[in-house]
Amino acid sequence: SSVNGQVFTIGSSANAIYTAAGLSSDWFYSRFGTVYSISAEVRGQEFQPSASNIIPSNQEVFAGMVATTDCALELEYGIKACEDMFPNGLQFEDGSPAPCEMLEPYCSQFDFVRQRCPVTCSDCPNFNVKADISPEIIPLDKEDKNALLIIA
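Residues numbered from 1 in each chain as written. Predicted model: local features only at pLDDT ≥ 70, side-chain atom pairs only at ≥ 80, totals over all residues. Heavy atoms only, no water.

Draft legend 1. Focus on the side chain of asparagine 88. Here asparagine 88 is to be found in the loop between α3 (51–77) and α4 (111–116). The exposure class of asparagine 88 is buried, given its relative accessible area of 5%. Here the side chain of asparagine 88 touches leucine 90 through a polar contact of 2.7 Å, landing on its backbone nitrogen. Within the structure, asparagine 88 has its side chain in polar contact with the backbone oxygen of alanine 98 (distance 2.9 Å). (Helix = DSSP H or I, 4+ residues; strand = E, 2+ residues; numbered from the N terminus. Buried < 20%, exposed > 50% of the residue type's maximum accessible area, 1.4 Å probe, protein only. Polar contact = N/O pair within 3.5 Å; in protein donor to acceptor, adjacent residues only side chain to side chain.)

Draft legend 2. Representation of the state of the cysteines within the structure. Taken as a whole and judged by the stated rule, the model has two disulfides. Disulfide pairing places cysteine 100 opposite cysteine 117 at an S-S distance of 2.1 Å. Where cysteine 100 bonds to cysteine 117 through sulfur, the torsion about that S-S bond is close to -70°, and the disulfide is left-handed. Separated by 17 residues along the polypeptide, cysteine 100 in the loop between α3 and α4 and cysteine 117 in the loop between α4 and β1 (136–139) bring together distant segments of the chain. For the pair shown, cysteine 100 and cysteine 117 are each scored as buried. (Disulfide = S-S within 2.5 Å.)

Draft legend 3. Examining the packing of aromatic side chains more closely. In this structure the tally under the stated criterion is two aromatic pairs. Note on tyrosine 106 and phenylalanine 110: the rings are 6.4 Å apart at their centroids and 40° apart in plane angle, and the pair reads as tilted. Note on tyrosine 106: relative accessible area 33%, which makes it partly exposed. On the basis of an interplanar angle of 40° and a centroid distance of 5.2 Å, the ring pair of phenylalanine 110 and phenylalanine 112 is categorised as tilted. Every member of this aromatic cluster is reached through a ring pair, and the members are Tyr106, Phe110 and Phe112. (Phe/Tyr/Trp six-rings, centres within 6.5 Å; stacked < 30°, edge-to-face > 60°.)

Draft legend 4. Looking closely at the pattern of salt bridges. If you walk through the whole model with that rule in mind, you get two salt bridges. A salt bridge links glutamate 60 to arginine 43, with the shortest nitrogen-to-oxygen separation between them at 2.5 Å. Here the residue glutamate 60 occupies a position in helix α3, and arginine 43 occupies one in the loop between α2 (24–32) and α3, the gap between them amounting to 17 residues. Take glutamate 60 and arginine 43: they sit in the same class, and that class is buried. A salt bridge links arginine 114 to aspartate 111; its shortest N-O distance comes to 1.8 Å. In this pair, arginine 114 and aspartate 111 are both assigned in helix α4, three residues apart and thus about one turn of the helix distant. (Salt bridge = Lys/Arg side-chain N within 4 Å of Asp/Glu carboxyl O.)

Draft legend 5. Inspection of the environment of valine 113 at higher detail. Note on placement: valine 113 falls in helix α4. By relative accessible area, valine 113 is classed as buried at 3%. Expressed as a C-alpha distance, the spacing of valine 113 and cysteine 100, which sit 13 residues apart in the sequence, is 8.0 Å. What valine 113 contacts, discounting residues up to four positions off in sequence, is Leu90, Leu103, Tyr106, Cys107 and Cys121. (Contact = heavy atoms within 4.5 Å.)

Honestly, it's all geometry; don't read function into it.
Pasting the structure below:
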């Protein structure tokens with residue numbers, strides 16, 4: 001709900017959406033023992049979303065993928081995502097909210113701005129997570145040499 005206020009159900013595909021055989025998550029579970037996966041459904045009741053739902057749906061799906069990745073990084077590696085606080089609790093002199101994207105000019109002057117707005121202030125720690133496995137290239141279609149799945 002953090003993107004457009006739309007509320008989504010979280011859970012396994014079968015419990016949250018509907019039972020379906022042969023999802024890509026099934027293949028990843030059986031082939032690689034994948035622990036985390038996403039089966040995304042976009043807003044609306046129709047199979048093909050209306051034009052007015054395309055951009056909001058993409059924003060919501062992307063936010064869900066980022067949140068799932070952040071959760072996996074924290075659970076598996078103890079790495080917390082670097083993100084600006086929202087709401088950040090800061091206000092301008094007139095009492096209006098001061099969102100991080102408007103506070104970039106103050107990053108160098110105030111520690112509390114850098115602490116609450118690390119992305120805006122370019123103050124996120126750099127980290128590299130090294131996977132235990134080498135990338136694997138899997139041909140998806142024996143006839144089409146360009147149809148490959150690369151798993152890192």
